[in-house]
4 protein chains.
Amino acid sequence: VLSEGGDGSLYGPLFVDPAVARAFSDRATLQAILDFEVALARAEASLDVIPDSAVAAIANAANVDAFDIPSLGREAVAAGNIAIPIVRAFTRLVRENDEHAARFVHWGATSQDAIDTGAVLQLAVALRIVDEHLDAVTQSLIALAQRHIATPMVARTLLQHALPTTFGLKAAGWLSAIVRARRRLARAGAHAKTLQFGGAAGTLAALGDRGLDVAQRLAGDLSLAAPDVPWHTHSDRFVDVASAAGIVAGTLGKIARDTSLMMQTEIGEASEPAAPGRGGSSTMPHKRNPVSCAVALAAATRAPHLVATMLAGMTQEHERALGGWQAQWTTLPELISVVSGSARAMNETLAGLDVNVEAMRANLEITHGLVQAEAVTMALGAQIGRAQAHELIEAASKRAMAEHRSLREVLVREPTVRAALSDDDFDRLFDPTHYLGVARQLVTQAITEARS
Amino acid sequence: VLSEGGDGSLYGPLFVDPAVARAFSDRATLQAILDFEVALARAEASLDVIPDSAVAAIANAANVDAFDIPSLGREAVAAGNIAIPIVRAFTRLVRENDEHAARFVHWGATSQDAIDTGAVLQLAVALRIVDEHLDAVTQSLIALAQRHIATPMVARTLLQHALPTTFGLKAAGWLSAIVRARRRLARAGAHAKTLQFGGAAGTLAALGDRGLDVAQRLAGDLSLAAPDVPWHTHSDRFVDVASAAGIVAGTLGKIARDTSLMMQTEIGEASEPAAPGRGGSSTMPHKRNPVSCAVALAAATRAPHLVATMLAGMTQEHERALGGWQAQWTTLPELISVVSGSARAMNETLAGLDVNVEAMRANLEITHGLVQAEAVTMALGAQIGRAQAHELIEAASKRAMAEHRSLREVLVREPTVRAALSDDDFDRLFDPTHYLGVARQLVTQAITEARS
Amino acid sequence: VLSEGGDGSLYGPLFVDPAVARAFSDRATLQAILDFEVALARAEASLDVIPDSAVAAIANAANVDAFDIPSLGREAVAAGNIAIPIVRAFTRLVRENDEHAARFVHWGATSQDAIDTGAVLQLAVALRIVDEHLDAVTQSLIALAQRHIATPMVARTLLQHALPTTFGLKAAGWLSAIVRARRRLARAGAHAKTLQFGGAAGTLAALGDRGLDVAQRLAGDLSLAAPDVPWHTHSDRFVDVASAAGIVAGTLGKIARDTSLMMQTEIGEASEPAAPGRGGSSTMPHKRNPVSCAVALAAATRAPHLVATMLAGMTQEHERALGGWQAQWTTLPELISVVSGSARAMNETLAGLDVNVEAMRANLEITHGLVQAEAVTMALGAQIGRAQAHELIEAASKRAMAEHRSLREVLVREPTVRAALSDDDFDRLFDPTHYLGVARQLVTQAITEARS
Amino acid sequence: VLSEGGDGSLYGPLFVDPAVARAFSDRATLQAILDFEVALARAEASLDVIPDSAVAAIANAANVDAFDIPSLGREAVAAGNIAIPIVRAFTRLVRENDEHAARFVHWGATSQDAIDTGAVLQLAVALRIVDEHLDAVTQSLIALAQRHIATPMVARTLLQHALPTTFGLKAAGWLSAIVRARRRLARAGAHAKTLQFGGAAGTLAALGDRGLDVAQRLAGDLSLAAPDVPWHTHSDRFVDVASAAGIVAGTLGKIARDTSLMMQTEIGEASEPAAPGRGGSSTMPHKRNPVSCAVALAAATRAPHLVATMLAGMTQEHERALGGWQAQWTTLPELISVVSGSARAMNETLAGLDVNVEAMRANLEITHGLVQAEAVTMALGAQIGRAQAHELIEAASKRAMAEHRSLREVLVREPTVRAALSDDDFDRLFDPTHYLGVARQLVTQAITEARS
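Since the model is a prediction, treat every value here as computed from it, not as a measurement.

S.K.: Just to check I follow, could you spell out the interface of chain B and chain D for this structure?
M.R.: Quite often, the size of an interface is put as the accessible area lost when its parts meet. The interface is formed by 42 residues belonging to chain B together with 41 residues belonging to chain D. Around 3600 Å² of area is buried between chain B and chain D when both sides are counted, 58% of it from carbon and sulfur atoms. Applying the counting criterion to the chain B and chain D interface returns two salt bridges. For E266 of chain B, the salt bridge identified is with R156 of chain D, shortest N-O distance 2.7 Å. Inspection of the chain B/chain D interface yields nine residue pairs in polar contact (both at pLDDT 80 or more). It is helix α16 (residues 386-402) of chain B that contributes the most residues to the side of chain B that touches chain D, six residues altogether. Per-class residue counts for the side of chain B that touches chain D are 18 nonpolar, 16 polar and eight charged.

Printed below as a string of structure tokens:
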């Protein structure tokens, strides 16, 4: 986005889906602006605003290969935006074949119309790709939630063992959040598919009384909605997309955080899929690094600030902004790019997630029954009161930890407890699969919602 | 939010709507958690999870005045959250009257259930107040757009005079953006009205197989939706509200930016309403400072970063977060507070905006016709080609500026122009009210949309 | 900072050092402005700008208890800042005793002078407290680094076991970063101790030709530097403090991240100090939650955005800003407050950190020698080439993992390896304490630097 | 930075200094890593860690042109960072000429050593270029401050006319802030010129007891400092540079804000330098857009969030981070790039700033003496008390505004005023050049400080 000499090949592929990178490439940016100009000519000719004969010449010249992109970039410095040199070069190309048609290039439009509508067209392409990844993530999560609906694992709060849960429920939580995030992004993306067309002041004055008709045709031709008023200096639809994309990044980041924590050498409950050269280390041949999680967590670190930039760019002056708009030009593509890389990485990870059910089970046991403390507390509390049960279990837990014995061993020697609980109660209370509450139903609800 | 000793009275009123400040006060926070606990007891008793007899004792003890808030705050330091000391103190209060009932306080719930659901309840109150301000802003903007549908003023791009527009169209642009921003916030707020209830692991295990039933009743009692799965560590609904609120702040900030620019001494096209003591200066008695705009612009400066904090807090670990959740506790209230102050300030400003139609008209003239350059270029371009017309008008404009003459004077001496344009054409082309395109229709469209 | 009715007692203590909360309280804010006004009167009287007789009356009235803070807050809404109502109320109080003296209150100053210089005075107090915590953290880290200079533990990269290191070296890394962060904050804080005094335009015109003399005396009286020019609308010194505080938060956050990861139930290498009620859970009596780490990580989540707000507030208009300045008023106190809470929490944690040397040793072994892979690779590589050694060890590591055998067992059966390495070599290469490189020297260097 | 297919030519030149773009290009990134590897071999050979004979072969292969950058980028996806494929490809190239030497490529180093030290080398180049722009800005500002030391203009607070000041003093305020910002960046940049070299765990274990010696030589060879401990996962020096760069962006943004406000059509006190095609509009030939200011304001909008990303990336896990480090890789280059574009743009603007002294003078008059209100208030206040004078002038100002008369005209009819002030007093008090306080001395102080 930033460099002068044609770059982004080194770090790009790691962080950005290649198709999204293409959607925001210099060529695609130029193409989108040319698409706007051609559609404009078509719309205007169809309404006799410009001569019909101009359309073919204009359409024929709209060939990205005929432009010298680095030159356009250099000319943008003095012009203050890229549309001015693009329109100038485009007009020149049209003129080479048809002097008359050249008069009608960009007729009645302003730079912002071309830049913003072009950005909308590029955004639509990029969001489609992100959505495909999110669809795949959704399917992977449905499968994981279903497959592991009864796989017990420990729930961890503040990174400490808490109670038993299931991996299916953890996956269902991820699923539910991804479904919401994807729907939000889809809705925001749909709203953003809106034409910007107002001319220099937003009045479409250069088109006399034909402004609204041209706008309608132009929007239709580009498969965009026509807004109630031109939205130059009101970039809220873009910012809404940015926010929704930021939430996608945060949600994927949460999944990546959990996954990378489960991948820890000491925990080993899940791994990113193995592949030759994947996640290896030059000096530690045994490593299997969470490289996709790192991409998603990097994206989750960057996205909030790119969203904030979009928001900060909103206080735009009068009918064209001085700084805020310009800050948004490259920020939205960068954000969607970053999110695309995260979505691709987590798609890959979740599609092939290597789940270690035995390790999940083994980790449940390492506190020697302490994760069952609540089960016992609740059972006991129903009989002797929650407060007293709590104190009793708290003391027993401390003793168990101090004496390196299991909680069960300690409790069976407590007369109060023995009086309240039978051996069968003990068996049941210390079996994690008997303390899963409505985990199964919650998983089912999440899957149903995801499929709705 | 931050101080220990009861503060916020000095800077608070300037930046926060007092009713919203109350909605997020310590008392309201405590009350919301107590409301959750009472509703929980009711729901559980109705399903025979706890004895019916416990409900009255629990409900009776839920009196904010009986709590020592500073003590609760100090106990939260060791506990790590406010729910632990609150539940402890609440249980103590219940026990004073009914030892048995005290056993059933907070039955089957975890701290996060109380904190997050409490936050949802407070949020709903605060958003209602913000929405009222936005409704009032909407009505003011409809009135301004309508009243000034034909009031010409200059459109400014990059702070330079561009073309004529109307103040009605500028207000319609504000209106259209506020309508969208308000709808987004309403939708996000509605989604956020969702119960959090999962127990320590999200499985509701402490309630055996009654978890879902309790959740349904509890949600219904609190007028919240019951989610497909508990959403602890998935804070996206809160973040969505934050983003939508951030867009509101940005939109109000844009209006404030425009208004304060129009209020500049040299421009004088609009002023914040006058009131005794309002916007005065201690040393410059003649000043009428844009104090409301300053509040809205300060909010627009702060909001993006509060949104970013919410987003950054999303990568939450496993079943309870270590840092991300805690960062969100005070950030969302702070953001909504900041937005409320902005909404209140701009509501006041727009309700009484002092519009100076003469100044708008006078400013249109100060470039001696240069803002009509496009009108002439388009008219001329239709006859001699846009590129040539552009060059010709550009040269004439420069000459006009250099010679301190009006563009019209210069142009009438250009033979090419004289050949192409009649005196009537000149009259029309140099009358700004004849170059307003579809401004009127756009205003009407925006008002129609706002009312839909 | 935000609420109207005297709040912050509930969440405040958890996140903010109480002394810092007091330093930024409403009372302290008012006091600092009064301190400015009194020092101003003294400086002006000493230079015969105002009558000597006015000083005593002005000084006597500067009593915080005589002010109605909530009223001041409400009056600030119309005034646009707090200095206007404070100066008005102060003048009234002076007038009650000495009508003549009241004429000379705030003489030649503007609101921004009082607000900004007051903020500098409060900042100095707060930074002193933060610095004390950082000093204590430094001493704790020196002690930890020294005590554990030879305590082996596993180094983890991307949360995977990598190689052996020592806990001393990890602590030395923390130490080195804290020392740098503390020095940066001290330097930035020293630069920020600069008087703001310029009058309404920055020219000190109301003082005729005595402006610089008054500024010098005033600065001296308040123990502040006198700047080359008034810095209203150039808030870089505050932003520099904010950035340095943000780096402190990030550094403490990194320590908290590491500590909380070491506290995981499965890892158990370190714990926050135990204390009654500390880190407990209402439903899981055995838990020992990293509550201080949560505070530090929450601070590290919030601080970047508060810094960003300070930076975003820098583009201030002309001689007094419209939004940017106002956004900074409460943001810097909030940031320093957040950082103070983090520093206090990590001070407490590091002073009493419970290090489990046995667990560190045990965790080193769980990969059955794989963390020694590099040691073997390097030794082997010196003889057969790094690339070949790398491939060989990679294959052996995979076999070891697949066959659940130790790396050593697998390697002793490799003829190439056996030819290159003796039994003694094997013993040495698989002893983690023999592969610690210059860890000891690095720790010594860090301690030396910290003490310099 | 992000795209896959070689981009950045379109938007890049507008926002980034081309030399800085080159310093952060893919080629430069690769070159810096190769520079590290060659210097490492040299240092190790000089200490007999690797054979002397290997150095030449390693140095000869370090030719950027021999690498396929897009391939490296694609391989980085599986590897998780760019150093792994670069080292692999580099080793292959060395091996082509010298199989033996290839064994010693990257000896004892880890990916992070190469990436971070490479980044330091690139940063040093880029900061030199930024510093040159800031030096030029400083010189321009000294010249402006000096030339306009006595040029009166109006000071504006909250965009309202306040009092007279001089353009020299405004420029001196800019100057003073730029000098501080430049010094901070230089100091932070100097601290950041620090070697990262620790091997996989930070212990340099692969180098046995020679680790510190190699580090010393390596640092010396690269003109970097050797740190007390390796700083992997402690990125504070980079973040400090980022913060300092952010303050530069904010300071330049403030200058751009002021300049663009002075460029407003109605105000016309200053303009960016004219040049063919510069700041023109395709449809409004008369416009002279503040294109450089737009670049600087866009940079000031983006920089805070890039700084925040750097800060947010600080909470890095253990001995190599999972997300935080990766997020910083492209963020720091992007931030410095953005700042370079701002510095270049404002350098250009300030070097050729077109100051309109007459407009400044004319604007001073448009309030018909109201900006002299403070002068009169102070003079009057000295005789009748500030409060009474304030009220009297406030009333007179209102009358003047209401009756469209000058303040002087109104005041001469006020008996109280007439009694207190002579005709000469009136002449003096209504001459803005007589109410400039110590503006001249302040300018001199700022210039002296800038030159020190």
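S.K.: Would you explain the relation of the copies chain B and chain D in this entry?
M.R.: One chain copy maps onto the other through a rotation about an axis and a shift parallel to that axis. When chain B is fitted onto chain D, the two copies agree to an RMSD of 0.0 Å after a turn of 180° and an axial shift of 0.0 Å. Taken together, the rotation angle and the small translation identify this as a two-fold axis. Within chain B, the C-alpha atom positioned nearest to the axis of rotation is that of E266 of chain B, 3.3 Å from it. Of all interface residues in chain B, 98% are interface residues in chain D too; the two copies therefore contact each other through one and the same surface.

S.K.: Help me understand the relation of the copies chain B and chain A in this model?
M.R.: With an RMSD of 0.1 Å, chain B superimposes on chain A once it is rotated by 180° and translated 0.0 Å along the axis. By residue overlap, the copies meet face to face through one surface: 100% of the interface positions of chain B are interface positions in chain A.

S.K.: Whenever I open this one, unusual backbone geometry confuses me. Can you help?
M.R.: Glycine aside, residues mostly have negative phi, and peptide bonds are mostly found in the trans state. Its identity is not glycine, yet L204 of chain B carries a phi of approximately 60°, on the positive side. In this fold, L204 of chain B is placed in the loop between α9 (167-192) and α10 (211-221). We classify L204 of chain B as buried; its relative accessible area is 2%. Of note, H106 of chain C is a non-glycine position whose phi angle comes to about 70°, a positive value. Along the polypeptide, H106 of chain C turns up in the loop between α7 (99-102) and α8 (111-147).

S.K.: Would you explain the interface of chain B and chain A in this entry?
M.R.: In this complex, chain B contributes 96 residues to the contact, which on the side of chain A involves 96 residues. Broken down residue by residue, the surface that chain B buries against chain A is led by D228, H318 and R386 of chain B, which jointly contribute 9%. One salt bridge in this structure joins E317 of chain B and R257 of chain A, with 3.7 Å as the shortest N-O distance. Taken together, chain B and chain A are joined by 33 residue pairs in polar contact (both at pLDDT 80 or more). Per-element tally for the side of chain B that touches chain A: the top contributor is helix α11 (residues 236-262) of chain B, with 15 residues. The residue inventory of the side of chain B that touches chain A, partitioned by class, reads 47 nonpolar, 28 polar and 21 charged.

Cut-offs applied
- Residues numbered from 1 in each chain as written.
- Chains lettered and ligands numbered in written order.
- Predicted model: local features only at pLDDT ≥ 70, side-chain atom pairs only at ≥ 80, totals over all residues.
- Heavy atoms only, no water.
- Contact = heavy atoms within 4.5 Å.
- Buried area = accessible area lost by both parts, 1.4 Å probe.
- Salt bridge = Lys/Arg side-chain N within 4 Å of Asp/Glu carboxyl O.
- Polar contact = N/O pair within 3.5 Å; in protein donor to acceptor, adjacent residues only side chain to side chain.
- Helix = DSSP H or I, 4+ residues; strand = E, 2+ residues; numbered from the N terminus.
- Nonpolar A, V, L, I, M, F, W, Y, C, P; charged D, E, K, R; others polar.
- Least-squares fit on C-alpha atoms with pLDDT ≥ 70 in both.
- Buried < 20%, exposed > 50% of the residue type's maximum accessible area, 1.4 Å probe, protein only.

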